[in-house]
Structures are given as structure tokens and as C-alpha cells.
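# Fold and geometry: a report
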Amino acid sequence: MDHRTRARISRIAAHLVHPGNSQLQNEGVLERIDCRSKGGASGFKVAVLGASGGIGQPLSMLMKMNPLVSVLHLYDVVNTLGVTADISHMDTTAVVRGFVGKEQLEAALVGMDLVIIPAGIPRKPGMTRDDLFNINAGIVRTLCEGVAKCCPNAIVNIISNPVNSTVPIAAEVFKRAGVYNPKRLLGVTALDVVRANTFVAEVVGVDPKEVDVPVVGGHAGITILPLLSQVNPSFSFTEEEVEYLTNRIQNGGTEVVEAKAGTGSATLSMAFAAAKFADACLHGLRGDAGVVRCAFVASEVTELPFFASKVRLGRAGIEEVYPLGPLSAYERSGLEKLKKELLGSIDKGISSVRQ
């Protein structure tokens, strides 16, 4: 095999071969090289941590479809190579590379602009988000330690539940490493907004793409507070409709868990929502104006240290955190009710790192 042929094969296989885990490499047939596929467009480097899971696989596929992504790194503790091979066959410009196991976490993260973390176990019937804490807290902590070391300036999107605790965990890890930037750490609550838009559209009989419902607070149960008084465009709801919509939005995750009857949780809709949010972050990084989304972030909107509300995204990450605006009496009551539970979840996350 001549040098030119070897180089061409090496370029084709580079996204599948990584240090220390390639039979081909060990046999001396191929070398891993840093390359982009011929014709690859300029764009951003994105890593999905937990890419083999129920959320990670469809999310990885959606990010491969995003024209703003030039390099897509897929990481998990198992099965990443199969996901990588599958997704890499899609005829979009992003180059995909797979990484497996803790020893390859750092390689997956070097140079990334955006890191998306859906890693962790899913909810099962009867489980609360607090039940997930002990396992997922450790996973998020380990992954964020890798981010702090290898790409401390990346924007980080936390999906792993319970978000009300895992975002504070990430913040504490970054503080310990001396790289914490609150403008670049965002808890993904986009699924609450997606559900709110869908359910409101069903009630009023319009296209959900034409609806924008701000959802504030947190990302679990009563901490999820849809601001139906601020729906754009404006609609009038009866008290019964407000109660119905609020309860359904707050319990949307449970609705899916119960419907799947022990076989899973909200993975596909979560991947869809996370991909939309990641796309917004990339548009912000590109410098697009007017990119506003809801996210769970470090905040001074209330007395709580973290809170989900509208934020404007830009090259720095979060460029502005918006105030809540005028609330209805129902929403003011909901805001007061959620604070104790949300603060408890935040404190639980912080304490788990400080112990």
C-alpha cells in the first residue's frame, strides 16, 4: 500500500480510531491523525458526554445535522464506537470521533467550544429526581473535572438530572479548579419550554411553533413554573386551563415515564429540546443577535443562587439574565411555593462537593 493510499484511508478512519483502543492501529495498518473530512465546513467543536445513552444517541444525531458543528466528539463509558460509526455515515459536514472509557475523557474534551452532558441513569417508574442524585451526581462531577482541565472556556450544557442539583455541582467543581465562569454554565430546561409550547398550542388550537411560553424556577415538579400570563402571542386562559396546563407541564416527565411502563423516560423529546438549546448556544457563540432562551443558571433574579429564567446568549455565553417581569397572582403563589424545594436541591448539590 503506497503512502498516498495509506494517508487517504487514515483520513477516512480518523473519526473511528482513537489512541489506545484500535485494533487497526495496533496492527500498524492505520494511524490516527488530526484531520477534517475533505470539504468540511468551518464551525464549532462540540462534545456530547453520555453519547451512547437514550438521550445521547438521538442528541448526537441531531448535532451531526447542525450546520454550525464542524467537529463532533462522542464520549461514553461503553458502546461509543458503534454510535460513532453509525452517525458518521450521515452525509453532513461535521466530522465525528468516538471516545470510550475514563482514560479517553480528556482526549474527547480538548479544544471543545460546547460540551453537552446528558450522561447518567434515566428515571424509572416510582423514582423521583432525588433518587437519581447519588449516582448522577458522581458522574457529573467526574465529567466536569475533565472539562475544567481540558476545555475550561467551553460553554457547558447540563442535562443530567436532577438539574436543580447537578448544575450547582458543576459550579462547585469549576470553582475548585479555579475556572468557574457563571456565564458559561447552563442547565438545560428547554424541555419544559417545549412541553409548555406544545400543551398551550393544543389548548388554544394553534401551531406550537408560533407559541413561546417562558418557564422559570427549576427543572423538577413544582419548581417548574410556566408563566402563562407572558405567553407570546398573548392568550387568555380560564383558571381551570391555567391549573391544567401548569400541572401537565410540571408532570410531563412523569407522564412519559408512566407511559413507557418501565422501559425508559423522556429521551427523544429531551434530545430534541437539548439540540434546540445547543443550537441557540452556537448561534450566540457565532455572534447572532437576539438569541434568548430559558435556562437554569447562576442568578440574582430571586434570592436563590440558581434559577431558571430567560437569558440572552452571545459570544461570552450568557450575556444577560432577564428579570421575571409581571406575574399573575397564581404565578406569584407558585413562585413562593417552589423556593424551599429548589433551595434544598441546590444546597444538596453544593454540599455533595464541599464534603
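On a predicted model such as this, the values are computed, not experimentally measured, just so you know.

### Comments concerning helix α12 (residues 329-354)
In an α-helix there are 3.6 residues to a turn, and that puts residues three or four apart on one side. With 26 residues, α12 should reach 38 Å at 1.5 Å per residue; the first-to-last C-alpha distance of 38 Å fits that figure. When the local axis directions of α12 are compared, the greatest deviation, roughly 35°, occurs at K339. Residues of α12 that are buried include every one of E331, G334, L335, L338, K339, L342, S345, I346, G349, I350 and V353, and no others. Contact partners of the buried residues in α12: α6 (133-150), α7 (163-177), β7 (215-217), β8 (224-226), β9 (291-298) and β10 (306-314).

### Let's talk about the pairing of strand β5 (residues 155-158)
Residues I155 and N157 line one face of β5 and the alternating positions V156 and I158 line the opposite face, and both faces are buried. In the sheet, strand β4 (residues 114-117) pairs with β5 via four bridges, with the strands oriented parallel. Note that in β5 the partner of L114 across the bridge is I155. Sheet analysis places β5 next to strand β6 (residues 185-187), joined by three bridges and oriented parallel. Bridge assignment links I158 to a residue of β6, and that residue is G187. The parallel pair β5 and β6 is bridged by α7, and the resulting crossover is right-handed.

### Considering the environment of S88
With respect to the helices and strands, the residue S88 is situated in helix α4 (residues 80-88). The exposure class of S88 is buried, given its relative accessible area of 17%. Taking C-alpha positions, S88 is 8.1 Å from K64, a pair spaced 24 residues apart along the chain. At 2.8 Å, the side chain of S88 forms a polar contact with the backbone oxygen of A85.

### A short note on the side chain of T166
In this structure, T166 sits in helix α7. Filtering out sequence-adjacent residues up to four positions away, T166 remains in contact with V140, I158, S160 and N161.

### Some remarks on the nonpolar core
Counting 47 residues, the largest nonpolar core has L49, L109, V115, I117, I158 and F174 as its most contacted members. Only β1 (44-49), α5 (105-109), β4, α6, β5, α7, β10 and α12 provide two or more residues apiece to this core. No other element matches the eight residues that α6 contributes to this core. What I158 contacts, discounting residues up to four positions off in sequence, is I117, V140, C144, V163, T166, V167, A170, L185, L186, G187 and V188. In terms of nonpolar packing, the next biggest core, distinct from the first, is built from 42 residues, V46, M270, V297 and L313 among them.

### Digging into the packing of α6 against α7
Remark: α6 packs on α7, axes separated minimally by 9 Å, with the N-to-C direction vectors making an angle of 35°. For the pair α6 and α7, the crossing hand works out as right-handed. Contacts from F133, A137, V140, R141, C144, E145, V147 and A148 in α6 reach S165, T166, I169, A170, V173, F174, R176 and A177 in α7. Residues that form the contact of α6 with α7 fall into these classes: eleven nonpolar, two polar and three charged.

About the cut-offs
Residues numbered from 1 in each chain as written. Predicted model: local features only at pLDDT ≥ 70, side-chain atom pairs only at ≥ 80, totals over all residues. Heavy atoms only, no water. Helix = DSSP H or I, 4+ residues; strand = E, 2+ residues; numbered from the N terminus. Expected span 1.5 Å × (residues − 1). Bend = angle between axes of the 7 residues up to and from the residue. Buried < 20%, exposed > 50% of the residue type's maximum accessible area, 1.4 Å probe, protein only. Contact = heavy atoms within 4.5 Å. Pairing = 2+ DSSP bridges. Right-handed = clockwise from strand over helix to strand, strands pointing away. Polar contact = N/O pair within 3.5 Å; in protein donor to acceptor, adjacent residues only side chain to side chain. Core = buried A, V, L, I, M, F, W, Y, C linked by side-chain atoms within 4.5 Å. Axes fitted to C-alpha atoms, helices over the stretch in contact; angles between N-to-C directions. Left-handed = near helix turned anticlockwise from the far one by under 90°. Nonpolar A, V, L, I, M, F, W, Y, C, P; charged D, E, K, R; others polar.

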